[in-house]
Amino acid sequence: MFAMFKKVSANENVVGWYSTGPKIRPNDLDINEVFRRYVPNPVFVIIDVQPTELGIPTKAYVTVEELKEDGKTKKLEFKHVPSEIGAFEAEEVGVEHLLRDIKDTTISTLASSIHEKLLSLRSLRTHLEEMRDYLVKVVDGKLPVNQQILSQVQDIFNLLPGVTDPDVIRSMSVKTNDMMVVIYLASLVRSVIALHNLINNKLANREQEKRAEGIGKKIEKKEREAADKTKEKEGADKTKEGADKTKEGADKTKDDKTKEKK
């Protein structure tokens, strides 16, 4: 497979392999040693197909040699390495056009906008917690001071809006109230439409029940008429049979009288 891959994609290099994990398993070291035949130091990537946290759903590892407890024997262990996901320019353009064409008609623009803002706020919270942890470790002396990171943090704080300004507070309140009113009206309209559809559904079901009852009554009426006709026919046959017997009796009596006269 490696040789076929190099024939098809000569410009691409194999750097490792991946697994859906979601955690490292004992057999992963053996699989990694198989890939070492083709790559000097393969990268093992675990892809979380059902992520529960925000951020990149991948974790990259490489194998390193570590000493066991006896201090003599070495063993291979996975070590986490930082990673990021990138794309070529052509791929980015294709994904952007694809996302523009994909539209979910079941989700309104307002609902999707709120969902995106919620995800953004969660991501912001995660990054702020990372900044806090870093600054706490720097203050405690666990990490060295990095002037570049500190200058970027200072730039972030300098770009923050003045939330204590009365004009800013009033504008934010007005914006928030306007959004809440729109959300309330949208929910009210959606509830009214759902209630209207429910009423229409009940009316339609009632009409179908009436039609089914009407059809059942017609069938019963036809069956009753057929039974009555059958009874009338049987009565007519019995009447005819009685008349035939009476006629036969009259003919027999006549014959007997004739014989007596002779």
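Structure shown above.
Residues numbered from 1 in each chain as written. Predicted model: local features only at pLDDT ≥ 70, side-chain atom pairs only at ≥ 80, totals over all residues. Heavy atoms only, no water.

Colleague: So what's going on with the nonpolar core? Which residues, and what values?
Modeller: Counting residues in hydrophobic clusters, the biggest one holds 5 residues: Trp 17, Phe 44, Ile 46, Tyr 61 and Phe 78. The residues touching Ile 46, leaving out its near neighbours within four places in the chain, are Ser 19, Gly 21, Pro 22, Lys 23, Ile 24, Pro 57, Thr 58, Lys 59 and Tyr 61. (Core = buried A, V, L, I, M, F, W, Y, C linked by side-chain atoms within 4.5 Å. Buried < 20%, exposed > 50% of the residue type's maximum accessible area, 1.4 Å probe, protein only. Contact = heavy atoms within 4.5 Å.)

Colleague: I'd like a rundown of a nonpolar patch on the surface, residues and numbers included.
Modeller: A cluster of nonpolar side chains, contributed by Val 181, Tyr 184, Leu 185, Leu 188 and Val 192, occupies part of the molecular surface with about 490 Å² of accessible area. With respect to the element layout, Leu 185 can be found in helix α6 (residues 166–261). Judged by relative accessible area, Leu 185 falls into the partly exposed class, the value being 45%. (Patch = residues over 30% accessible without salt bridge, like charges linked within 9 Å, V, L, I, M, F, W, Y side chains within 5 Å. Areas by Shrake-Rupley, 256 points an atom, 1.4 Å probe, with all protein chains shown as cover. Salt bridge = Lys/Arg side-chain N within 4 Å of Asp/Glu carboxyl O. Helix = DSSP H or I, 4+ residues; strand = E, 2+ residues; numbered from the N terminus.)

Colleague: For the side chain of Thr 58, give the residues involved together with the corresponding values.
Modeller: For Thr 58, the position within the fold is in strand β3 (residues 58–67). Thr 58 gets classed as buried once you look at its relative accessible area, which sits at 19%. Residue contacts for Thr 58: discarding those within four places in its chain leaves Val 45, Ile 46, Ile 47, Ser 83 and Ile 85.

Colleague: So, the pairing of strand β2 (residues 43–47): which residues are in play, and what are the values?
Modeller: The two faces of β2 differ: Phe 44 and Ile 46 on one face are buried, but Val 43, Val 45 and Ile 47 on the other face are not. The pairing of strand β1 (residues 16–19) with β2 spans 4 bridges and is classified as parallel. When the sheet's bridge partners are listed, Trp 17 is paired in β2 with Phe 44. One crossover worth recording links β1 to the parallel β2 by way of helix α2 (residues 28–35), and it is right-handed. The pairing of β2 with β3 spans 4 bridges and is antiparallel. Bridging across to β3, Ile 47 finds its partner in Thr 58. (Pairing = 2+ DSSP bridges. Right-handed = clockwise from strand over helix to strand, strands pointing away.)

Colleague: An account of the pattern of salt bridges is needed here, citing residue identities and associated values.
Modeller: Here the structure, examined in full by the defined rule, presents 4 salt bridges. Here Asp 133 ties to Arg 132 by a salt bridge, and the two come within 3.6 Å at their closest N and O atoms. For Asp 133, a relative accessible area of 38% translates into the label partly exposed. Asp 167 is paired through a salt bridge with Arg 170; the nearest N and O atoms lie 2.7 Å apart. Note that Asp 167 and Arg 170 are positioned in helix α6 at a spacing of 3 residues, about one turn of the helix. Classification of Asp 167 as partly exposed rests on a relative accessible area of 45%.

Colleague: Describe the sheet that holds β3, with residues and values.
Modeller: Taken in spatial order, the 4 strands make up an open sheet running β1-β2-β3-β4, and their pairing is mixed. One side of each edge strand has no neighbouring strand; the edge strands of this open sheet are β1 and β4 (74–81). Averaged over all adjacent pairs, the angle separating strand axes in this sheet is 30°, with direction ignored. (Axes fitted to C-alpha atoms, helices over the stretch in contact; angles between N-to-C directions.)

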